[in-house]
Amino acid sequence: MSDIEKNLNSIFSEISLGNDRNEPIRLLGATKFVAAERVNEAISCGLRFIGENHAQEFRDKFAFYLPCEKHFIGTLQKNKLKYVVGKADVIDSVSSSDLAAAIDEKASALNVCQKVFIEVNAGDEETKTGASITAAKALYKSIIELKHIKLTGVMTMLPAGKSEAETAELCEKVRAFYDEIRLKTQSVETLSMGMSGDYKIAIKHGSNMIRLGRAIFGEREITTKNI
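Fair warning: this is a prediction, and the values are worked out from it, not measured in the lab.

**Student:** An account of the pairing of strand E7 (residues 190–193) is needed here, citing residue identities and associated values.
**Tutor:** Every second residue of E7 is oriented toward a common face, with Thr 190 and Ser 192 on one face and Leu 191 and Met 193 on the other, all of them buried. Inspection of the sheet shows strand E6 (residues 149–156) paired to E7 by 4 bridges, in the parallel sense. Residue pairing across strands places Gly 153 opposite Thr 190, the latter belonging to E7. Handedness of the E6-helix H7 (residues 164–184)-E7 crossover: right-handed.

**Student:** Describe the pattern of salt bridges, and please don't skip the residues or the numbers.
**Tutor:** Across all of its chains, the model carries 14 salt bridges by this definition. Residues Lys 137 and Glu 180 are paired through a salt bridge, measuring 3.7 Å at the closest nitrogen-oxygen approach. A residue pair is termed long-range when its members are at least 10 positions apart, and Lys 137 in helix H6 (residues 133–143) and Glu 180 in helix H7 qualify at 43 residues. For Lys 137, a relative accessible area of 35% gives the class partly exposed. Close ionic contact of Asp 179 with Arg 182 constitutes a salt bridge, the shortest N to O distance being 3.0 Å. Of this pair, Asp 179 and Arg 182 are both found in helix H7, 3 residues apart, which corresponds to roughly one turn of the helix. One continuous salt-bridge network, built from bridges that share partners, spans Glu 23, Arg 175, Asp 179 and Arg 182.

Definitions and limits used
Residues numbered from 1 in each chain as written. Predicted model: local features only at pLDDT ≥ 70, side-chain atom pairs only at ≥ 80, totals over all residues. Heavy atoms only, no water. Buried < 20%, exposed > 50% of the residue type's maximum accessible area, 1.4 Å probe, protein only. Helix = DSSP H or I, 4+ residues; strand = E, 2+ residues; numbered from the N terminus. Pairing = 2+ DSSP bridges. Right-handed = clockwise from strand over helix to strand, strands pointing away. Salt bridge = Lys/Arg side-chain N within 4 Å of Asp/Glu carboxyl O.

And the structure:
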């Protein structure tokens, strides 16, 4: 049994009981700088969701992946939309109405409906992208008016260096926003919250998708050759 298979089996066992709301937890493999063949090994071992951070890396690796649900989880610049829109199953990092409108325009040109998540900046950190909870409520209203975008979830990156109580409080705030929009929009079904350092807290406070990289693939080898 390979290290990837061992790691996945351990994580799947850990999350098998679901979150604190009795919802199943989905595992998304963060695949930045992970070679496509190693990602495919993980897919073969049961990983159903993968997430890329960089548009060019997504472009270069896309055709090599085995069937899975492919997410784009990094910051997306408007000049890189051509690499992602209509190819990624979900764009998780929509943090502004301008970006949403640009995705909608590109999706319209391709005659597709692009699934997206709203990205929330849970800790209102200046160094991170994402909308504040207040801004996310306005962003939600603008997204649901667009014809070539389908809102299916919320994504957040929790701030590092917080106590467990502080992290839990932020999780509950993001979960409350998720619940609010989920009641209004049936297609919203995913709250992607929790990474390697905080996923255990996140699933105790409403997350139903976690994003793990090193826990699955080990330490990344940063290289320009990713396929």
